[in-house]
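For reference, the chains in residue letters:
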Amino acid sequence: MGYESEYKRILNKLFAARVRDLVSLIGKNKPGKPLEITRDKLDEYIEKLKELVESAIGKELLNEELDTAKDHHKWLIKGRGVEARIEEFNNWYKDNFGNDSNCVYMYWAEGDKCIYVGRGTSGGQRPGSHLVHVNFQNAKWLEIYTFGGPTLLHKIECMATHLYDPSLNKVASSRYERDKSCPLCIRYKIIEDELNAIFR
């Protein structure tokens, strides 16, 4: 079953449960016991709907934004020791991005596993700062996208975090007034608000 079909199936199941008693009023039999949607069950359905939205359109939405990048390169992490790695990275960033300052970056480990997604507005300073941390020692390469301004950074960082589920991202992406909103978060909030209002 496709993502859209499964999404509609879950919604139809929820709405059928919600109006079951109303539907039964036109029949000759007395309404039966209401079909209860518990808080835990509703939360489970909400999470499933959010997952289906992400699987159906998440990558397309992210790629549309990444395609607007000013530049994009991958760095195979190398250098013996922390200082050597930082020097290698700084030289690589300068050679490939020059003075570009606004970026979104992803650290990747073996098996194409994303371990961290971040953003920065000071060139290579922010992405390079993680090279000193022991949690990043298993990272194999660093992928960086640069952009002409900072307004898209939160939007892209947030979408990439949803999609790649990086193991070292412990805090949600912060958003400033200037920042564009994450389209996945917008959809998640609509799902939560609408279903919580219907089943309050």
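Just so it is clear, the structure is predicted and the values come from calculations on it, not from any experiment.

Visitor: So what about the overall build of the chain? Which residues, and what values?
Guide: Secondary structure assignment for the chain yields 6 helices and 4 strands. Ordered by position from the N terminus, the helices and strands of the chain form the series α-α-β-α-β-β-α-β-α-α. When the backbone C-alpha atoms are referred to their principal axes, the chain occupies close to 80 × 30 × 30 Å. In the chain, 72% of the contacts between residues at least 6 apart in sequence involve partners at least 24 apart.

Visitor: Talk me through the side chain of Asp179; I want residue IDs and the actual numbers.
Guide: With respect to the element layout, Asp179 can be found in the loop between α5 (153–164) and α6 (183–198). In terms of polar contacts, Asp179 uses its side chain to reach the side chain of Arg178, at 3.4 Å. Asp179 has contacts with Arg119, Pro150, Thr151, His154 and Ser174, leaving out every residue within four places of it along the chain.

Visitor: Give a description of the packing of aromatic side chains that names residues and reports values.
Guide: The final tally for this structure, using the stated rule, is 12 aromatic pairs. For the ring pair Trp108 and Tyr164, a centre distance of 5.2 Å and an interplane angle of 65° mean the geometry is edge-to-face. Residue Trp108 is located in strand β2 (residues 102–109), and its partner Tyr164 is located in helix α5; the two are separated by 56 residues in the primary sequence. The class for Tyr164 is partly exposed, based on a relative accessible area of 25%.

Visitor: Provide a residue-level description of α5, including the pertinent values.
Guide: For α5, spanning 12 residues, the distance from its first C-alpha to its last is 16 Å, which sits close to the expected 16 Å at 1.5 Å a residue. Within α5, 9 of the 12 residues are buried, which leaves the element mostly enclosed by the surrounding structure. Of the residues making up α5, those classed as buried are Leu153, His154, Lys155, Ile156, Glu157, Cys158, Met159, Ala160 and Leu163. Positioned one or two residues after α5, Asp165 has a phi angle of 45°, which is positive.

Visitor: Which residues make up unusual backbone geometry, and what values go with them?
Guide: Peptide bonds are, in most cases, trans, and in most cases residues other than glycine have a negative phi. In this structure, Asp112 is a non-glycine residue whose phi angle is positive, near 55°. Of note, Asp112 is situated in the loop between β2 and β3 (113–120). A positive phi angle, near 45°, is found at Asp165, a position not held by glycine. Position of Asp165 relative to the elements: it lies in the loop between α5 and α6. Residue Asp165 is classed as exposed on the basis of its relative accessible area of 56%.

Visitor: Could you give an account of the pattern of salt bridges, with specific residues and numbers?
Guide: The full count for this structure, using the stated rule, is 11 salt bridges. With a shortest N-O distance of 2.7 Å, Asp43 and Arg39 are connected by a salt bridge. In this pair, Asp43 and Arg39 both sit in helix α2 (residues 39–66), 4 residues apart, roughly one turn of the helix. Accessibility expressed as a relative area gives 33% for Asp43, which makes it partly exposed. Take Arg39: its relative accessible area is 43%, and that puts it in the partly exposed class.

Visitor: Could you give an account of the sheet that holds β2, with specific residues and numbers?
Guide: Strands sit in the order β1-β4-β2-β3 across an open sheet of 4 strands; the sheet is antiparallel. Of all strands in the sheet, those bounded by a partner on one side alone are β1 (71–76) and β3. Put simply, the sheet's adjacent strands are angled 15° from each other on average, direction ignored. One ladder, built from 7 bridges, connects β2 with β3; its direction is antiparallel. Paired with Val104 across the strands is Arg119, a residue of β3. Lying over the sheet, helix α3 (residues 82–97) contacts β1 and β4 (141–147), oriented at roughly 155° with respect to β1.

Criteria and cut-off values
Residues numbered from 1 in each chain as written. Predicted model: local features only at pLDDT ≥ 70, side-chain atom pairs only at ≥ 80, totals over all residues. Heavy atoms only, no water. Helix = DSSP H or I, 4+ residues; strand = E, 2+ residues; numbered from the N terminus. Contact = heavy atoms within 4.5 Å. Polar contact = N/O pair within 3.5 Å; in protein donor to acceptor, adjacent residues only side chain to side chain. Phe/Tyr/Trp six-rings, centres within 6.5 Å; stacked < 30°, edge-to-face > 60°. Buried < 20%, exposed > 50% of the residue type's maximum accessible area, 1.4 Å probe, protein only. Expected span 1.5 Å × (residues − 1). Salt bridge = Lys/Arg side-chain N within 4 Å of Asp/Glu carboxyl O. Pairing = 2+ DSSP bridges. Axes fitted to C-alpha atoms, helices over the stretch in contact; angles between N-to-C directions.

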